[in-house]
Amino acid sequence: MSIFYSILETFIILWASYLMVSLAGLYNEKSGITNIGLNGIMVMGAMTYAVVMTSPSIRNALGAFTPFLGIILGAIVGMFFSWLFGVVTITFYADQVIAGTAINIITAAISVLFIQLVFGQDFLSWSFDNPINNFPINIVYLSFLVLAIIVILISMFVINKTKFGLHLKASGENPYALETSGVSVTRVRYIAVLISGLLAGAAGAIAMPGFSKTFNGTINGMGYIALAILIFGQWKIIGITIGSFIIAILMALGSYWEALGTVANIIPVELIRMLPFIMPIVIMIFVKSSNSPKMIGIPFRKDERV
């Protein structure tokens, strides 16, 4: 049963993080912004979480609540880097793909440089014990699951039931009509970018326990996989939820496949570990329609019409 609980814990961590960063991409793209720099923003959220978890003073002061501070600060750092992306792409009309690529490159370098300068080493590692020793699953990881479900429900309400959600969709479909109606497209897109950064930064922090509680400047391309999940989910929350669930369970199984015994001897572990990366590509080949916003990736300029 210990293997089962280990798989379940890994699944919870991965599902929560993939779900949140995929929703981060959804907020961006619903507003007409494409940001492939989500991976870099996740890296900064992960680095922030690692710094908090390796700080003895913070651990002594907060105890079991330390991971939650790491997530909160990771979300704030994610918002900052997402705001920088917004300044470059929304205010100065830079190419969004190039700007996102720059975010990925810069954050990968900054994160490693920071831990080298501050900690004098190339990686950070920490340990965290379950605050309830007789409970089979780490209660902190279960809280990640609860947080992810709350984010799903809030996002469903915000996007489908509020005036901001209507403006968000209009910003991605017909921003010039939205501007004509008296709503600032620039404002809507900045809010979307900030929400996206908050979710991506938090997702990077939540993912860290799944990396053996070690940060070395990378999150193994989770932000890129999240973009594939977004496309697989056809820019719908329910599709994103299902897609992130499938990817997370496959990755969790791949992490412990060799420990499953007889089944692992029949199906090679390499195949199981490849499936999360192959499956989105195969599915997208057979997806004939697309629900992507019409104006995605196109800068908005008040004095132009497209």
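To keep things clear, this report deals only with the structure shown in the data block. It should be emphasised that the depicted structure is a prediction, and the values quoted were computed from it without experimental measurement. (Residues numbered from 1 in each chain as written. Predicted model: local features only at pLDDT ≥ 70, side-chain atom pairs only at ≥ 80, totals over all residues. Heavy atoms only, no water.)

**Description of helix H7 (residues 163–173)**
So, step 1. Those residues of H7 that fall on the buried side of the exposure criterion are Gly-165, His-167, Leu-168, Ser-171 and Gly-172. The buried residues of H7 occupy one face: seen down the axis, they fall within an arc of 160°. Relative to its buried face, H7 has exposed residues pointing more than 90 degrees away, namely Lys-163 and Leu-166.
So, step 2. Where H7 is buried, its residues touch helix H1 (2–30), helix H6 (139–161), helix H8 (175–180) and helix H9 (185–207). (Buried < 20%, exposed > 50% of the residue type's maximum accessible area, 1.4 Å probe, protein only. Helix = DSSP H or I, 4+ residues; strand = E, 2+ residues; numbered from the N terminus. Arc of directions from axis to C-beta. Contact = heavy atoms within 4.5 Å.)

**Focus: the environment of Tyr-224**
So, step 1. Structurally, Tyr-224 is set in helix H10 (residues 222–232).
So, step 2. Given the relative accessible area of 43%, Tyr-224 is considered partly exposed.

**Topic: empty space enclosed by the protein**
So, step 1. Tallied over the entire structure, the rule returns two cavities of 30 Å³ or more.
So, step 2. Approximately 50 Å³ is the volume attributed to the largest cavity.
So, step 3. As for the largest cavity, its lining consists of Ile-33, Thr-89, Ile-90, Gln-96, Thr-186, Arg-189, Pro-299 and Phe-300.
So, step 4. If you list the elements that add at least two residues to the lining of the largest cavity, you get helix H4 (66–91) and H9. (1 Å grid on protein atoms, 1.4 Å probe; cavity = no way out; pocket = protein on both sides within 12 Å on 5 of 7 lines; lining within 4 Å. Points joined across faces, edges and corners; volume = space filled by probe spheres on them.)

**Some words on the layout of surface pockets**
So, step 1. Its boundaries defined by the atoms lining it, the largest pocket holds a volume of some 550 Å³.
So, step 2. Thr-10, Leu-14, Gly-210, Phe-211 and Ser-255 are the residues nearest the centre of the largest pocket, which is lined by 25 residues in total.
So, step 3. If you list the elements that add at least two residues to the lining of the largest pocket, you get H1, helix H11 (237–256) and helix H13 (269–286).
So, step 4. Examining the composition of the lining of the largest pocket, we find that six residues originate from one element, H1, more than from any other.
So, step 5. For the lining of the largest pocket, the class distribution of residues is 14 nonpolar, eight polar and three charged. (Nonpolar A, V, L, I, M, F, W, Y, C, P; charged D, E, K, R; others polar.)

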